There are 2 protein chains.
Amino acid sequence: MKPTIRDVAKMAGVSISTVSRVMNAPETVVESKRLRVLDAIEELQYQPNSFARGLIYRKSYTLGLLVPDIENMYYAGMIRGMQDACIKLGYGLMICNTDRDSERLLSYIDAFHEKQVDGIVLASDMLFPEYYDKLVGCRIPFVMVSSHSDDYDIPSVEVDDEAAAYDAVKFLIELGHKQIGMIGFNHANSISGPPRCEGFARALREFGLGHNLEKVKYASHRFEHAYEASHELFSQYPDTTAVFCVADEFAMGTISYLKDRNVLVPGQVSVVGFDNIRMAGMFIPKLTTIAQPIYELGYRSAEQLHELVTTGSVNVTREKMRHKLIVRESTRER
Amino acid sequence: MKPTIRDVAKMAGVSISTVSRVMNAPETVVESKRLRVLDAIEELQYQPNSFARGLIYRKSYTLGLLVPDIENMYYAGMIRGMQDACIKLGYGLMICNTDRDSERLLSYIDAFHEKQVDGIVLASDMLFPEYYDKLVGCRIPFVMVSSHSDDYDIPSVEVDDEAAAYDAVKFLIELGHKQIGMIGFNHANSISGPPRCEGFARALREFGLGHNLEKVKYASHRFEHAYEASHELFSQYPDTTAVFCVADEFAMGTISYLKDRNVLVPGQVSVVGFDNIRMAGMFIPKLTTIAQPIYELGYRSAEQLHELVTTGSVNVTREKMRHKLIVRESTRER
């Protein structure tokens, strides 16, 4: 039988709560008792168990992550960063995949509540009032990554989507392109969709290329949808020579479409992606893209949540991380 | 204040253990008491919490997954299947990324033990004696997915790697290829590496092409390593016209290498992958590959673990799932 806190208390001749205090706030226990407890822990090779710890301290040393799509390569890198931060900070990480389904998301909050996670990271999703109410009702501290809330004062970390999109489009313009299209997120509740459209528009206006403003087609989060959106874009605007895609997976879908139509990338059309997922450097051609610090976003969000859980607040509420244009093979001078 | 089991017991005028029995084994409670408890639960909107449940029943309703590389696209689909099974079966899924580091893996078993997961799925890794001893020492039921153990009697689910590799190579031979190479797993402790080599060898021998047996180069799990391995293969055997790669990511690395050397795929060289990750259909050219039922492997392993956790054994210890050759664009008749 595994020794319990009860066995330790019995051997040391103290109460269970004294053993617990020795483990969690040793300075509150007089030395003689403390030494007896430590001897008993040593002797019995006692390992505290998180259930008991949870009941006493309401801490489970677990963080929860709500991720909209576990198969999206963007989240793989983010989870890795988050996990590494959790290792450093002493948490386990429990990941749940919501499939962008709000009922599923709400039921996961219930599940996290039941498991008494110490805090939750909400990735990419909008913070709807029903999510907020549920989280606040469950009294679970939470932060947002690759997202933010305009309506509530919730810690978040993300890149500057507007500025990043602007940089991508400006780069295409500086290569000499004058007919520029965009494949954007069509998700009605997309957080990063609107600012990336704004960045596209700002660059076009600034360089007197406003005639391109209407050349935007929308796709959901998968490759196949971007393939179809590209078909619409090029059917309607066949003279397009450059496309800004708001995700690397969209850039792959666009290039795949063009390849199937025997249009050369970058020979005839230049394509810029967004994210710099691990696959971006493997694709043929290798993608020119806006790199998000994906690993760092995940890492930082876990640190931010830890700060919130342990101190009740964070130093910087809306943190921004730097993006960076990475030029590879999918773009060329016009 | 959230109502506790204590509040329910008080309102119903019964003991706490009666409330617990009503929730977990209602047939053991006389009807009059049962109805009083159910009324109180309803009235108070009581939600049982898993810590308390865990202390009473030693069940946490959580499964743990040890995955060797969260950034490997193979695991994204598997996690998705596992998660869907967990939803159906009422478990949370806690995922930990081991980076194929045995110390990290052992420390995660400790963490899972501390959180008292009901069971663990070990993905792809070898079951070393130290892992086995640790898991048995912690009394955590576990199963293996995309792996198996020859030394221990542990439930597992995977494809038939030897037969799948054989099918891939036979397909290349039937296309008329006579100079065939292979990019295999170089990981000393790879589970699927050796049988895939054996399948390669069996097909070659069967068709009198034994002169190709030595044309095997090895790579670790990433794209870049396969790129280098291809360089070795084609430097040493420049007349190679077909390559069997034991992972889709290796096929992408091989194609990328050939592309950089201006060798056409499939025009001059045919390439077959393995796995059928989501990316396989997006790549240029789209990959011909051996499809593993990735989602189903994940789903089935969670079901198997549930069976083990709830009944103490499984019906079929070493389950095999079917693979399937999917012909796309990266192969052509010689």
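Every value quoted in this text rests on a predicted model; they were computed, and no experiment measured them.

### Examining the interface of chain B and chain A
Part 1 of the reasoning: Opposite the 56 residues of chain B that make contact, chain A presents 57 residues.
Part 2 of the reasoning: At the boundary of chain B with chain A, total buried surface from both sides reaches about 5,100 Å², with 53% on carbon and sulfur atoms.
Part 3 of the reasoning: In this structure, the connection of chain B to chain A is made through 12 salt bridges.
Part 4 of the reasoning: Here A:R104 and B:D84 are joined by a salt bridge, their closest N and O atoms 3.6 Å apart.
Part 5 of the reasoning: Our count for the chain B to chain A interface comes out at 8 residue pairs in polar contact (both at pLDDT 80 or more).
Part 6 of the reasoning: Those elements that place two or more of their residues in the side of chain B that touches chain A are α4 (50-57), α5 (73-89), β2 (92-97), α6 (102-114) and α11 (248-260) of chain B.
Part 7 of the reasoning: Residue composition of the side of chain B that touches chain A, by class: 22 nonpolar, 15 polar and 19 charged.

### Side note on helix α9 (residues 193-206) of chain A
Residues and elements named next belong to chain A.
Part 1 of the reasoning: The first and last C-alpha atoms of α9 sit 20 Å apart over 14 residues, in line with the 20 Å expected at 1.5 Å per residue.
Part 2 of the reasoning: What α9 keeps buried is the set G193, P195, R196, G199, F200, A201, A203 and L204.
Part 3 of the reasoning: Buried-residue contacts for α9 involve α8 (161-174), β6 (180-185), β7 (216-219), β8 (242-245) and β9 (270-275).
Part 4 of the reasoning: Phi turns positive, to about 65 degrees, at G208, one or two residues after α9.

### A closer look at the relation of the copies chain B and chain A
Part 1 of the reasoning: Once chain B is rotated about the relating axis by 179 degrees and shifted along it by 0.1 Å, it coincides with chain A to within an RMSD of 0.4 Å. As the rotation angle and translation indicate, the two copies are arranged about a two-fold axis.
Part 2 of the reasoning: Mapped onto chain A, 100% of the interface residues of chain B again fall at the interface, so both copies present the same surface.

### Quick look at the sheet that holds strand β9 (residues 270-275) of chain B
All names here are of chain B.
Part 1 of the reasoning: Taken together, 6 strands build an open sheet; the order of strands is β7-β6-β8-β9-β10-β12 and the sheet is mixed. At either margin of the open sheet sits one strand with a lone partner, and together these are β7 (216-219) and β12 (324-326). In this sheet, neighbouring strand axes are inclined to one another by 20 degrees on average, regardless of whether the strands run parallel or antiparallel.
Part 2 of the reasoning: Direction of pairing for β9 relative to strand β10 (residues 288-291): parallel, over a ladder of 4 bridges. Note that in β10 the partner of G273 across the bridge is T289.

### Regarding the pattern of salt bridges
Part 1 of the reasoning: Per the stated rule, a full pass over the model turns up 37 salt bridges over all chains.
Part 2 of the reasoning: Here B:E307 ties to B:R300 by a salt bridge, and the two come within 4.0 Å at their closest N and O atoms.
Part 3 of the reasoning: Looking at B:E307, the relative accessible area reads 22%, which means it is partly exposed.
Part 4 of the reasoning: Within the structure, one salt-bridge network assembled from shared partners comprises A:D69, A:E71, A:D99, A:R104, A:R222, B:R80 and B:D84.

### Re the nonpolar core
Part 1 of the reasoning: Ranked by internal contacts, the top residues of the largest apolar core, which has 157 residues, are A:F244, A:M279, B:F244 and B:M279.
Part 2 of the reasoning: Setting aside chain neighbours within four positions, we find B:F244 in contact with B:A165, B:A168, B:V169, B:L172, B:G181, B:M182, B:I183, B:R196, B:F200, B:V272, B:G273 and B:F274.
Part 3 of the reasoning: Within the second largest apolar cluster, 40 residues are counted, among which are A:M94, A:I120, A:L122 and A:I140.

### Describing the domain arrangement of chain A
Residue and element names in this part refer to chain A.
Part 1 of the reasoning: Assigned domains of chain A: these are domain 1 (5-48), domain 2 (62-157 + 294-320) and domain 3 (161-292).
Part 2 of the reasoning: The C-alpha-based centres of domain 2 and domain 3 are spaced at 29 Å.
Part 3 of the reasoning: Tallying the contact residues gives 14 residues for domain 2 and 12 residues for domain 3.
Part 4 of the reasoning: When domain 2 packs against domain 3, the two sides together hide about 1,200 Å² of surface, and 59% of this comes from carbon and sulfur.
Part 5 of the reasoning: For the domain 2 face of the interface with domain 3, the top three residues by lost area are M73, R100 and I294, together amounting to 41%.
Part 6 of the reasoning: Here domain 2 is connected to domain 3 by 1 salt bridge.
Part 7 of the reasoning: A salt bridge links R222 to D69; the shortest N-O distance between them is 2.7 Å.
Part 8 of the reasoning: Put simply, the parts of the chain that give the side of domain 2 that touches domain 3 at least two residues each are α5 (73-89) and α12 (294-311).
Part 9 of the reasoning: For the side of domain 2 that touches domain 3, the class distribution of residues is 6 nonpolar, 4 polar and 4 charged.

### A word on the environment of B:D153
Residue and element names in this part refer to chain B.
Part 1 of the reasoning: Mapped onto the elements, D153 comes out in the loop between β4 (142-145) and β5 (156-159).
Part 2 of the reasoning: Its relative accessible area of 68% is what places D153 among the exposed residues.
Part 3 of the reasoning: It is 30 Å that separates the C-alpha atoms of D153 and A219, two residues lying 66 residues apart in sequence.

### Remarks on the packing of helix α8 (residues 161-174) of chain B against helix α9 (residues 193-206) of chain B
Residues and elements named next belong to chain B.
Part 1 of the reasoning: α9 packs onto α8 with a crossing angle of 40 degrees between their chain directions and a minimal axis gap of 7 Å. Looking at the two axes, α8 sits oblique to α9. The way α8 lies across α9 gives a crossing that is right-handed. Counting all contacts with α8, which are made through D161, E162, A163, A165, Y166, V169, K170 and I173, the residues of α9 involved are P195, R196, E198, G199, F200, R202, A203, L204 and E206.
Part 2 of the reasoning: Grouping the amino acids of the contact of α8 with α9 by side-chain chemistry returns 9 nonpolar, 1 polar and 7 charged.

### Observations concerning unusual backbone geometry
Part 1 of the reasoning: Look at the link from A:V265 to A:P266: it is a cis peptide, with omega at 10 degrees.
Part 2 of the reasoning: Along the polypeptide, A:P266 turns up in the loop between α11 (248-260) and β9.
Part 3 of the reasoning: Here the phi dihedral of B:S124 falls at roughly 65 degrees; this positive angle occurs in a residue that is not glycine.
Part 4 of the reasoning: For B:N276, which is not a glycine, the phi torsion comes out positive at approximately 60 degrees.
Part 5 of the reasoning: Its location among the elements puts B:N276 in the loop between β9 and β10.

### Comments concerning the side chain of A:T288
Residues and elements named next belong to chain A.
Part 1 of the reasoning: Along the chain, T288 falls in strand β10 (residues 288-291).
Part 2 of the reasoning: For T288, a relative accessible area of 0% translates into the label buried.
Part 3 of the reasoning: Ignoring any residue separated from it by four or fewer positions in sequence, one finds T288 in contact with F171, V271, V272, G273, L325, I326, V327, R328, E329, S330 and T331.

Reading the values: the criteria
Residues numbered from 1 in each chain as written. Chains lettered and ligands numbered in written order. Predicted model: local features only at pLDDT ≥ 70, side-chain atom pairs only at ≥ 80, totals over all residues. Heavy atoms only, no water. Contact = heavy atoms within 4.5 Å. Buried area = accessible area lost by both parts, 1.4 Å probe. Salt bridge = Lys/Arg side-chain N within 4 Å of Asp/Glu carboxyl O. Polar contact = N/O pair within 3.5 Å; in protein donor to acceptor, adjacent residues only side chain to side chain. Helix = DSSP H or I, 4+ residues; strand = E, 2+ residues; numbered from the N terminus. Nonpolar A, V, L, I, M, F, W, Y, C, P; charged D, E, K, R; others polar. Expected span 1.5 Å × (residues − 1). Buried < 20%, exposed > 50% of the residue type's maximum accessible area, 1.4 Å probe, protein only. Least-squares fit on C-alpha atoms with pLDDT ≥ 70 in both. Pairing = 2+ DSSP bridges. Axes fitted to C-alpha atoms, helices over the stretch in contact; angles between N-to-C directions. Core = buried A, V, L, I, M, F, W, Y, C linked by side-chain atoms within 4.5 Å. Domains from an automatic or database assignment. Parallel < 35°, antiparallel > 145°, perpendicular 65-115°, else oblique. Left-handed = near helix turned anticlockwise from the far one by under 90°.

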